[in-house]
Amino acid sequence: MIPDKAPKENVYHGSEELKKEAHIPTFEKYKELYLKSVDSPEEFWGDIAKDFFWKTKHSGQFLDYNFDVTKGQIFIKCMEGATTNICYNLLDRNVHERKLGDKVAFYWEGNEPGDELTVTYRELLQRVCQFANVLKSQGVKKGDRVSIYMPMVVELVVAMLACVRIGAVHSIVFAGFSAESLCERIMDSQCSLLITADGFYRGDKLINLKVLADEAMQKCKDKGFPMEKCIMLKHLSKEAEESPQSPPAKRACPDLQVPWNPEVDLCWHTLLRGSSVECEPEWCESEDPLFILYTSGSTGKPKGVLHTVSGYMLYTATTFKLVFDHQPDDIYWCTADIGWITGHSYITYGPLANGATSVLFEGLPTYPDVSRMWEIVDKYHVTKFYTAPTAIRMLMKFGSEPVQKYKRESLKVLGTVGEPINPEAWQWYYNVVGEKRCPIVDTFWQTETGGHVMTPLPAATPMKPGSATFPFFGVVPAILNESGEELEGPGEGYLVFKQPWPGVMRTVFGNHQRFETVYFKKFPGYYVTGDGCRRDKDGYYWITGRIDDMLNVSGHLLSTAEVESALVEHEAVAEAAVVGRPHPVKGESLYCFVTLTDGVTYNRTLEAELKKQVREKIGAIATPDYIQDAPGLPKTRSGKIMRRLLRKIACNERDLGDVSTLADSTVIEQLFQNRCGAAV
Ligand code: WTA
C-alpha cells in the first residue's frame, strides 16, 4: 500500500540539516515503522507507552474493537486495565522526572503587542494544582462535566488541566461562539459548572464574554437547566495585585461590561487565595472520558465528540513528536484557538506531553497589521509553525513584502491543517514564508480522529504540494467506491479507515447510536471520514474535500477543492469557493465565488480568463457555469468556508437554516444581491 521507494520527480524534500537530527530521517525508516505499527500495534505503542507514567499497567489487549455494525455495537478500547492521569504526565512527570521545571511551557503573547507573559512547567503545575483544589472545593468530582468558555489565555490551559487532574471532563466552547451555541452545548453535556472570563479583545473588537455567558445561562434556566455556578476570570478588569503572575491589561476598556450575579458567580482570583499548590491527581482508567468537544453535524445539531484518557494521550504525544519532529530546543507555535480540536491536541496535550515550549497567541494574524505572525516568529525564534490554509491565503493577498520585513531564520518546519491546501497557497507558504528551506506538513485529521491521521513526516516524506501524502503510524486508510468496494491503485472515492488507532473518538456523548450512524453505517467494517480522496500513481493520498462538497457534473465526480485550486492559481484571485447548482441537463452546474486580490476589479475579460484557466487545469467538464465576484465569503469562526450557505445563495434560497457558526453575517446579503441569475 505504501510504495517501497518514494518518487524522485516533482517532489520536494526536507533539508539535509533536518534529516540529520530527525526522529524519522528517511522514507525507508517510515515504511519500516509503519509496517510494525500496523502488524504489531502492541509492540509499537508499547514502546511508546514506556515513556509515560502508569499507576497500574494494562492487562488486556492493547487495542480491542468492533468497526462492523452488522456484528454488534461499535466500540474501541485501548490499554484496558491501565490507570494514569494525563495532567500528571504533562506536568509532574516533566517537572520531577525529566527535570524540566524551569523550562518555559508557554510564551503567552497577547492581542496587543507588548502584552506578554512567560510560564514555566513548574509554575504551570502549581497553578493547575491550585485551581484543581478550587474545583474540588466547589464540589466538582470525577466524571462531572465542566464547560469552559474562555479567550486564549494561560488560565484556559490551567482550567482544562485542573479538570483533567481531578478526573472531571472538560467541554470547551470556542469563545467566538454565541450564547445560544454555548447554552446548547452546556445542556447537551449536562455541565455543572461554567468557567469564563470578563472579556477580551480580538484585534480592535471588544468581546464582552461575561455578558454572553450570562445570556447563555439565562437560556439554560429558561429551558429548565439552571447553572449553579460560574467562575469568572478577570482578564481585562483585573487589578495587578489580584493576579501577580499576569500583567495588567495594557489598554483601558471603558466599554467592558461585567454583569455579576452573586448567587451564581464566583471570582477566579478570590477562590485561588489560600488554595494549596499541591493536589494529588485522580488516577483514571484508560477508557474514562477525558473531554467532550462539539463539532458540527450534517443535521445541524452539533455532536459531542468524546475522547478518552490513555489512547488520546499516546496518540497526541506521538503525532506531535514525529509530525513536527520535535526537538528539545524547539519553539513551537500553533496559531489555532484551543476552542478547536487543533488547539486541544496541538497546543495543550501533544506539546506539553513532550515537554515542549510553545507560543500561546491571543490575537489575530492581521492585528495591528498583516506582519504580526512574522513579527512573533522572530520575537520568540519560532522553529515549528502550524497554521491553516485560510490564514495563508488571506496573508497571500497582501504579497510577500509584509513577510519579508522579518527574517524568519529560525523556522524549520511549517504545517497546515483544516482544509485542503491548494498548490498555489502551498507554493507561497513554501517559497515566501519558508524560503524553500522548510518542509510543509499538510496534516489531514478531524475532531473525531483526535490527532493527525494522514500526513507527511518532515524529513522522511517527499512532499507533493496539496497532498497529505501517507498515513500516520497505526492508521490504515482505504478508498471505497459508491458500492463500498476498496479501490486498488490510483482512483478516487470515499476515504475510510479499516482499524482504530489509539486516539480515535469513542462515542458521541449521550448518543452512541448517532456515533454508529454517522461514522459506521454507510460502509460496515470501516470508519467513514466523510471526505473524498484520490490516490495517485505514486500511492499519494489527496484529500478532495467533504463528500458533500463533491459535485456530479454530467456524471463526472468533481471535487470543489480541485476547481477552487485552479481558480486560485490565477493571480487575480485570492480565494475561491465552488458549489453545485442543480442543472436540468448536467445534473449540477458549477457556481463559483471568487474573492479578488486587493486592487483588482472584476470584469468580463477576467471572467473569461478564469474559465479558460479552469478548463485548462482540469478539463472542459470543470468549466465554471457561473462566476460571482465575492468581496467576502461566509466563514465559520474557525475560518472554514460555509459552502452550505453558498449553495443556498447560488440557488437563491433565502431559508438558510442554522447560521450560529457564521463569523460575519453581513456578507450574506451582499452575496444575495450580486448573485448571478442567468447562465454566463
Ligand atoms: C478537513 C480539524 C484536507 C476535512 C483538524 C476534515 C482537511 C475536516 C485537512 C475536519 C487537510 C482537515 N487537508 N482537508 N490537511 N485537515 N481537513 O473536525 O474535511 O474541524 O474532515 O478538524 O477538515 O475538521 P475538524
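Residues numbered from 1 in each chain as written. Predicted model: local features only at pLDDT ≥ 70, side-chain atom pairs only at ≥ 80, totals over all residues. Heavy atoms only, no water.

A. Structural view of the pairing of strand β2 (residues 75–78). Burial along β2 is one-sided: the face carrying I76 and C78 is buried and the face carrying F75 and K77 is not. Alignment of strand β1 (residues 63–66) against β2, held across four bridges, turns out to be antiparallel. Counterpart to D64 in the pairing with β2 is K77. (Buried < 20%, exposed > 50% of the residue type's maximum accessible area, 1.4 Å probe, protein only. Helix = DSSP H or I, 4+ residues; strand = E, 2+ residues; numbered from the N terminus. Pairing = 2+ DSSP bridges.)

B. Just the UniProt feature "domain: Acetyl-coenzyme A synthetase N-terminal" (unreviewed entry) in the protein chain, in detail. UniProt records the feature "domain: Acetyl-coenzyme A synthetase N-terminal" (unreviewed entry) for residues 30–89 in the present numbering. The distance separating the terminal C-alpha atoms of residues 30–89 is 27 Å; by composition the span is 38% helix and 17% strand. (UniProt positions renumbered as here; feature names shortened; annotations may be inferred.)

C. Region of the structure containing the environment of K229. Relative to the helices and strands, K229 resides in strand β11 (residues 229–233). Measuring from C-alpha to C-alpha, the distance between K229 and M217 comes to 9.8 Å, with 12 residues separating the pair along the chain. For K229, the residues in contact, after removing those within four places along its chain, are Q138, S192, L193, L194, V264 and L266. At a separation of 3.3 Å, a polar atom in the side chain of K229 contacts the main-chain carbonyl oxygen of Q138. (Contact = heavy atoms within 4.5 Å. Polar contact = N/O pair within 3.5 Å; in protein donor to acceptor, adjacent residues only side chain to side chain.)

D. View of the site of the ligand. Around the ligand there are 16 residues in total, and D442, T443, T447, D531 and R546 lie nearest to it. Between the ligand and D442 there is a distance of 2.7 Å, counted from a nitrogen atom to a side-chain nitrogen or oxygen. Here K640 contributes a side-chain N or O atom positioned 3.1 Å from an oxygen atom of the ligand. Going through the elements one at a time, α11 (341–353), β20 (440–443) and β25 (541–546) are the ones with two or more residues in the shell around the ligand. Among the residues making up the shell around the ligand, the classes are represented as six nonpolar, five polar and five charged. (Near = heavy atom within 4 Å. Nonpolar A, V, L, I, M, F, W, Y, C, P; charged D, E, K, R; others polar.)

E. A look at unusual backbone geometry. Of note, the bond from Y367 into P368 is cis; its omega dihedral lies within 30 degrees of zero at -5°. Assignment of secondary structure puts P368 in the loop between β17 (357–361) and α12 (372–380). Even without glycine at this site, Q190 takes up a positive phi of about 50°. Here Q190 is to be found in the loop between α7 (179–189) and β8 (193–197). The partly exposed category is assigned to Q190, whose relative accessible area is 45%.

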